[in-house]
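As a plain string of letters, each chain reads:
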Amino acid sequence: MELFWIILGSVFILVGLIGAFLPVAPGLPFSYVGLLILQLLHSPFSLSFMIGWLIVVIVFGFVLDNVLPAWATKRSGGTPYGISGSVIGLLVGLFFPPIGFVVGPLAGAFVGELIAGQKSDRALRSALWSFAGFMAATGLKVIAACVMGFYYFVNI
């Protein structure tokens, strides 16, 4: 039975890592569930460790996903259309891996800014900033998922 729980926790960790790349999947909560399964099985972590990671999951999973791309777009003078276009571009890009992960959000933000009435040079600048914010948030989520995975696999 213990092997079942370890395998289940490993699946949650791996799904969390994959989900950290995708804005439609809540990757970090899955990784946290993997840690929680291991904690309930063997108690390798302290209470402060588990609370700290819960805070990281909430901050990175929600705040960074929504705040960082919006901040970057707003900093460049972009519009909400650029942010929406970036997300739509990523979703379309999922069907064309791996290049779609990069080109999709960038093209989507650019088209979104054009729809908002921006001139092409300004739309490109806003799209690049929106894309940079999105990639920074994604990178931080992937790092957090990798660190949780590291702690999981070291402690099984």
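These lines cover the structure that appears in this document, whether it is placed above or below. Bear in mind that the values here come from a model prediction, so they are computed numbers and not experimental data.

Conventions we followed
- Residues numbered from 1 in each chain as written.
- Predicted model: local features only at pLDDT ≥ 70, side-chain atom pairs only at ≥ 80, totals over all residues.
- Heavy atoms only, no water.
- Helix = DSSP H or I, 4+ residues; strand = E, 2+ residues; numbered from the N terminus.
- Buried < 20%, exposed > 50% of the residue type's maximum accessible area, 1.4 Å probe, protein only.
- Core = buried A, V, L, I, M, F, W, Y, C linked by side-chain atoms within 4.5 Å.
- Contact = heavy atoms within 4.5 Å.
- Expected span 1.5 Å × (residues − 1).
- Patch = residues over 30% accessible without salt bridge, like charges linked within 9 Å, V, L, I, M, F, W, Y side chains within 5 Å.
- Areas by Shrake-Rupley, 256 points an atom, 1.4 Å probe, with all protein chains shown as cover.
- Salt bridge = Lys/Arg side-chain N within 4 Å of Asp/Glu carboxyl O.
- Arc of directions from axis to C-beta.
- Axes fitted to C-alpha atoms, helices over the stretch in contact; angles between N-to-C directions.
- Left-handed = near helix turned anticlockwise from the far one by under 90°.
- Parallel < 35°, antiparallel > 145°, perpendicular 65-115°, else oblique.
- Nonpolar A, V, L, I, M, F, W, Y, C, P; charged D, E, K, R; others polar.
- Phe/Tyr/Trp six-rings, centres within 6.5 Å; stacked < 30°, edge-to-face > 60°.

**Thoughts on the overall build of the protein**
Part 1 of the argument: When its secondary structure is counted, the protein shows 6 helices and 0 strands.
Part 2 of the argument: If you list the helices and strands of the protein from N to C, you get α-α-α-α-α-α.
Part 3 of the argument: Taken along its principal axes, the extent of the C-alpha atoms in the protein is 60 × 30 × 15 Å.
Part 4 of the argument: Looking at the protein as a whole, 38% of its 156 residues qualify as buried.

**Side note on unusual backbone geometry**
Part 1 of the argument: Within the chain, S43 stands out as a residue other than glycine whose phi angle is a positive 55°.
Part 2 of the argument: Tracing the sequence through the fold places S43 in the loop between helix 2 (27–42) and helix 3 (47–75).

**Remarks on the nonpolar core**
The nonpolar side chains of a soluble globular protein tend to be buried with one another.
Part 1 of the argument: One finds L35, W53 and M148 to be the most contacted residues of the largest nonpolar core, which totals 17 residues.
Part 2 of the argument: Counting residues per element, the ones that place at least two in this core are helix 1 (2–21), helix 2, helix 3 and helix 6 (120–155).
Part 3 of the argument: With sequence-adjacent residues up to four places away left out, W53 is seen in contact with Y32, L35, A144, V147, M148 and Y151.

**So, helix 2**
Part 1 of the argument: Taking 1.5 Å of rise per residue, 16 residues should cover 22 Å, and helix 2 covers 23 Å from first to last C-alpha, within 8% of that figure.
Part 2 of the argument: Along helix 2, the residues classified as buried are G27, L28, S31, Y32, G34, L35, I37, L38 and Q39.
Part 3 of the argument: Just beyond helix 2, the residue with positive phi is S43, at close to 55°.

**As for a nonpolar patch on the surface**
Part 1 of the argument: A cluster of nonpolar side chains, L47, I51, I55, V59, F62, V63, V67 and W71, forms an exposed patch at the surface whose accessible area comes to about 780 Å².
Part 2 of the argument: Assignment of secondary structure puts V59 in helix 3.

**Regarding helix 4 (residues 80–93)**
Part 1 of the argument: For helix 4, with 14 residues, the first-to-last C-alpha span of 20 Å sits near the 20 Å given by 1.5 Å per residue.
Part 2 of the argument: Taken together, the buried positions of helix 4 are occupied by G82, G85, S86, G89, L90 and G93. Across the axial projection of helix 4, the buried residues extend over an arc of 135°, all falling on one side. Among the exposed residues of helix 4, those oriented more than 90 degrees off its buried face are P80 and I88.
Part 3 of the argument: Along its buried surface, helix 4 packs onto helix 1, helix 5 (99–115) and helix 6.

**Here's the deal with the packing of helix 4 against helix 5**
Part 1 of the argument: In contact at an axis separation of 6 Å, helix 4 and helix 5 are set at 145° when each is read in the N-to-C sense. Relative to helix 5, the crossing made by helix 4 is right-handed. Contacts between helix 4 and helix 5 involve Y81, G82, G85, S86, G89, L90 and G93 from the first element and G100, F101, G104, P105, G108, A109, G112, E113 and I115 from the second.

**Some points on the side chain of S76**
Part 1 of the argument: Its place among the elements puts S76 in the loop between helix 3 and helix 4.
Part 2 of the argument: Other than its neighbours up to four places away in sequence, S76 contacts R122, R125, S126 and W129.

**Comments concerning the packing of helix 1 against helix 6**
Part 1 of the argument: Close contact between helix 1 and helix 6 brings their axes to 8 Å; oriented N to C, the two are set at 165°. By the angle between their axes, helix 1 is roughly antiparallel relative to helix 6. For the element pair helix 1 and helix 6, the recorded crossing hand is left-handed. Each of W5, I6, G9, S10, I13, G16, L17, A20 and F21 in helix 1 lies in contact with helix 6, whose residues at this interface are T138, K141, V142, A145, C146, M148, G149, Y152 and F153.
Part 2 of the argument: For the contact of helix 1 with helix 6, the class distribution of residues is 12 nonpolar, 5 polar and 1 charged.

**Considering the packing of aromatic side chains**
Part 1 of the argument: Under the counting rule described, the total for this entry stands at 7 aromatic pairs.
Part 2 of the argument: Geometrically, the ring pair formed by F12 and F30 is stacked, given 5.9 Å between the ring centres and 25° between the ring planes. One end of the pair, F12, is in helix 1; the other, F30, is in helix 2, with 18 residues separating them in the sequence.
Part 3 of the argument: F30 gets classed as partly exposed once you look at its relative accessible area, which sits at 29%.
Part 4 of the argument: Where Y152 meets F153, the ring centres are 5.1 Å apart and the plane angle is 85°; that geometry is what we call edge-to-face.

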